[in-house]
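# Observations on the three-dimensional arrangement
Chain residues, written in single-letter form:
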Amino acid sequence: MVNSKIAISTAAMIAIAAAWSGPASATGLSSNVVAEVAVETSAANVIQSMADQAMNELTDQSLADDVRRKKFVSLMDRYFAMDVVSRFVLGRYWRSISEAEIEEFSVLLQNYLALNYANQFKEFNGEQFVVGDETQKNKDTFVDSQFVRPDGPPVNIVWRMRMFDDSYKIIDVSIEGLSMGITQRDEFTSVIQQNNDDVGALTAALKAKTGL
């Protein structure tokens, strides 16, 4: 279903988000955008900025697919705490690999998500992204939002954010109550377990999929 894919891509960035998003480059980010993110103190404002940038940069139908994916990865690099996301989706297995391997996995994860979701932005047609309230729970802030479609009910999206060095970063996204982090962790855990608990098998599969 196109509508659900669009909602997920918004959440995955925008990768969502991306917004799970060598080291991800800053291609497509202007110095003004970087300065804007640095001074924002509201988690909701960060999500709004990410959504605006994603809509502006990723919905251009004249973009080549590889350029759109690079922009998607740049958004993830800017707005997501990819080291935290990577550890989470690896579950307990992140403890069995080195920091260098985690960094490599993070790059592969971003490109995997970009490959799966970036081109969904070409199909945007009249949809709107509306940011709502934010709620503090312990050390994390949850930002409510809706993806409003002209031909169906709105999709509810909640962004889980955490402060890192005075800047809010996204660490998980839930769509209609379903955590994308948990969903991705379940998928990756299955691959690792099917290969004798070898994280390298997952890394190899992602390399083959993304061409990196």
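Within each chain, residue numbers correspond to sequence positions counted from 1 in written order. Reporting of local features is limited, given that this is a predicted model, to residues whose pLDDT is at least 70; pairs of side-chain atoms are given and counted only at 80 or more, and all residues count toward the totals for whole chains, interfaces and linings. For side-chain calculations, the full set of non-hydrogen atoms in the structure is used, while hydrogens and water are omitted.

Looking at an unreviewed UniProt entry, the chain carries the name Phospholipid transport system substrate-binding protein, with the source organism given as Thalassospira tepidiphila.

### Topic: the packing of aromatic side chains
Working definition: a ring pair exists when centres of Phe, Tyr or Trp rings (six-membered ring for Trp) sit within 6.5 Å. Plane angles under 30 degrees give stacked, over 60 give edge-to-face, the rest tilted. Summed over all chains, the structure comprises four aromatic pairs. An aromatic cluster of three or more residues is present, and its members are Phe105, Tyr112 and Phe188. We call a charge positioned over a ring when the NZ of a Lys or the CZ of an Arg lies within 6 Å of the ring centre and within 35 degrees of the ring normal. Sitting over the face of the ring of Trp94, Arg87 holds its NZ or CZ atom 4.9 Å from the ring centroid. Sitting above the plane of the Phe142 ring, Lys137 keeps its charged end 5.3 Å from the centroid.

### A few points about the environment of Ala54
Secondary structure elements are taken from DSSP: a helix is a run of H or I of four residues or more, a strand is a run of E of two residues or more, and numbering for both begins at the N terminus. Inspection of the secondary structure puts Ala54 in helix α3 (residues 43-58). Once the C-alpha coordinates of Ala54 and Ala118 are considered, the two residues, 64 residues apart in sequence, prove to be 9.9 Å apart.

### Remarks on the sheet that holds strand β2 (residues 140-148)
Only strands joined by at least two bridges in the DSSP assignment are considered to pair. With antiparallel pairing, the five strands of this open sheet are ordered in space as β1-β2-β3-β4-β5. Of all the strands in the sheet, just β1 (128-137) and β5 (178-179) have a single pairing partner and so form its edges. As judged from the eight bridges shared by β2 and strand β3 (residues 155-164), these two strands associate in the antiparallel manner. Across the sheet, the residue bridging to Thr141 is Met161, located in β3.

### With respect to helix α4 (residues 65-79)
Because each turn of an α-helix spans 3.6 residues, side chains separated by three or four positions end up pointing in the same direction. Counted at 1.5 Å a residue, the expected span for α4 with its 15 residues is 21 Å, and the 21 Å between its end C-alpha atoms agrees. Each residue is placed in one exposure class: buried if its accessible area under a 1.4 Å probe, protein chains only, is under 20% of its type's maximum, exposed if it is over 50%, and partly exposed if it falls in between. Within α4, burial applies to Arg68, Lys71, Phe72, Val73, Ser74, Leu75, Met76 and Tyr79. In this scheme, a helix's expected span is set at 1.5 Å multiplied by one less than its residue total.

### Some thoughts on the side chain of Thr203
Structurally, the position occupied by Thr203 is in helix α8 (residues 199-210). For Thr203, a relative accessible area of 12% corresponds to the buried category. Between two residues, a contact is recorded if the distance between any of their heavy atoms is within 4.5 Å. Dropping the residues within four chain positions of it, Thr203 is found in contact with Glu104 and Leu108.

### Description of the nonpolar core
To define a nonpolar core, start from buried Ala, Val, Leu, Ile, Met, Phe, Trp, Tyr and Cys residues and group those joined through side-chain atoms within 4.5 Å. Counting residues in each nonpolar core, the largest one holds 50 residues, and the members touching the most others are Ile47, Phe72, Phe80, Phe129, Trp159, Met161 and Ile170. Per-element accounting of this core gives the leading share, nine residues, to α3.

### Concerning unusual backbone geometry
In this structure, Glu176 is a non-glycine residue whose phi angle is positive, near 50°. For Glu176, a relative accessible area of 48% puts it in the partly exposed group.

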